[in-house]
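Listed below, chain by chain, are the residues.
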Amino acid sequence: MKRMLKGFTLIEIMIVVAIIAILAAVAIPNFVKYRNESQRASCISNMKQLQTAGEQWLMSHPGTTAPTTADLCGSTLYIKKTPVCPKSSAAYTISLANDAIGVTCANAGEPDLHVLPESVATGN
């Protein structure tokens, strides 16, 4: 009587590995793309919060220079926790020009552009 061996053949295992490799080749670039998009959106949201807090600070302290993150962020101030860029944990730079608060990210030159939209940056 012939005894049957149970298990998978080498060809079957290689086909499964090839299918998993194809799926990974498609999924990983999309994952990276969506992660970069979400980091960019989160960074822009952080900059908008800092800009709004800076404008409120300027209304409370007229005729002064640009606020710092220490002026805006703290448990009893405008923002509880100091926001940082989610991509590199870099701090934001706050500036004052023409009575308008400007906030820039250290990753502004990156391909995914961590910059405020023009309508938000100019207050229009």
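To be clear, the structure that these remarks concern was listed above.
Cut-offs and rules
- Residues numbered from 1 in each chain as written.
- Predicted model: local features only at pLDDT ≥ 70, side-chain atom pairs only at ≥ 80, totals over all residues.
- Heavy atoms only, no water.
- Helix = DSSP H or I, 4+ residues; strand = E, 2+ residues; numbered from the N terminus.
- Rg over C-alpha atoms; globule rule 2.2 N^0.38 Å.
- Buried < 20%, exposed > 50% of the residue type's maximum accessible area, 1.4 Å probe, protein only.
- Contact = heavy atoms within 4.5 Å.
- Patch = residues over 30% accessible without salt bridge, like charges linked within 9 Å, V, L, I, M, F, W, Y side chains within 5 Å.
- Areas by Shrake-Rupley, 256 points an atom, 1.4 Å probe, with all protein chains shown as cover.
- Salt bridge = Lys/Arg side-chain N within 4 Å of Asp/Glu carboxyl O.
- Pairing = 2+ DSSP bridges.

### So, the overall build of the protein chain
Phase 1 of the analysis: Of the regular secondary structure elements, the protein chain holds three helices and two strands.
Phase 2 of the analysis: Along the protein chain, helices and strands appear, N-terminal first, in the series α-α-β-β-α.
Phase 3 of the analysis: Here the protein chain has a C-alpha radius of gyration of 25 Å; the compact-globule value for 124 residues is 14 Å, and the former is much larger.
Phase 4 of the analysis: Across the 124 residues of the protein chain, 23% fall into the buried class.
Phase 5 of the analysis: Restricting to contacts in the protein chain with at least 6 residues of sequence separation, those with at least 24 account for 51%.

### Section: a nonpolar patch on the surface
Phase 1 of the analysis: Residues I11, I15, I19 and L23 make up a contiguous nonpolar surface patch of about 410 Å² in total accessible area.
Phase 2 of the analysis: Along the chain, L23 falls in helix α1 (residues 10–60).
Phase 3 of the analysis: A relative accessible area of 57% means that L23 is categorised as exposed.

### Some remarks on the pairing of strand β1 (residues 93–97)
Phase 1 of the analysis: Both β1 and strand β2 (residues 100–104) contribute to a ladder of five bridges, which runs antiparallel. Note on β2: the bridge partner recorded for T93 is T104.

### Notes on the environment of Q56
Phase 1 of the analysis: Considering the arrangement of structural elements, one finds Q56 in helix α1.
Phase 2 of the analysis: Separated by 17 residues in sequence, Q56 and Q39 place their C-alpha atoms 26 Å apart.

### Here we look at the environment of G7
Phase 1 of the analysis: By the element assignment, G7 lies in the segment before α1.
Phase 2 of the analysis: In the structure, G7 is positioned 95 residues away from G102 in sequence and 65 Å away in space, judged by C-alpha atoms.

### A closer look at unusual backbone geometry
Peptide bonds are, in most cases, trans, and in most cases residues other than glycine have a negative phi.
Phase 1 of the analysis: Positive phi values are uncommon outside glycine, yet S89 reaches one of about 60°.
Phase 2 of the analysis: By the element assignment, S89 lies in the loop between α2 (69–72) and β1.
Phase 3 of the analysis: A relative accessible area of 55% places S89 in the exposed class.
Phase 4 of the analysis: Phi at N98 takes a positive value of approximately 55°, unusual for a residue other than glycine.
Phase 5 of the analysis: Along the chain, N98 falls in the loop between β1 and β2.

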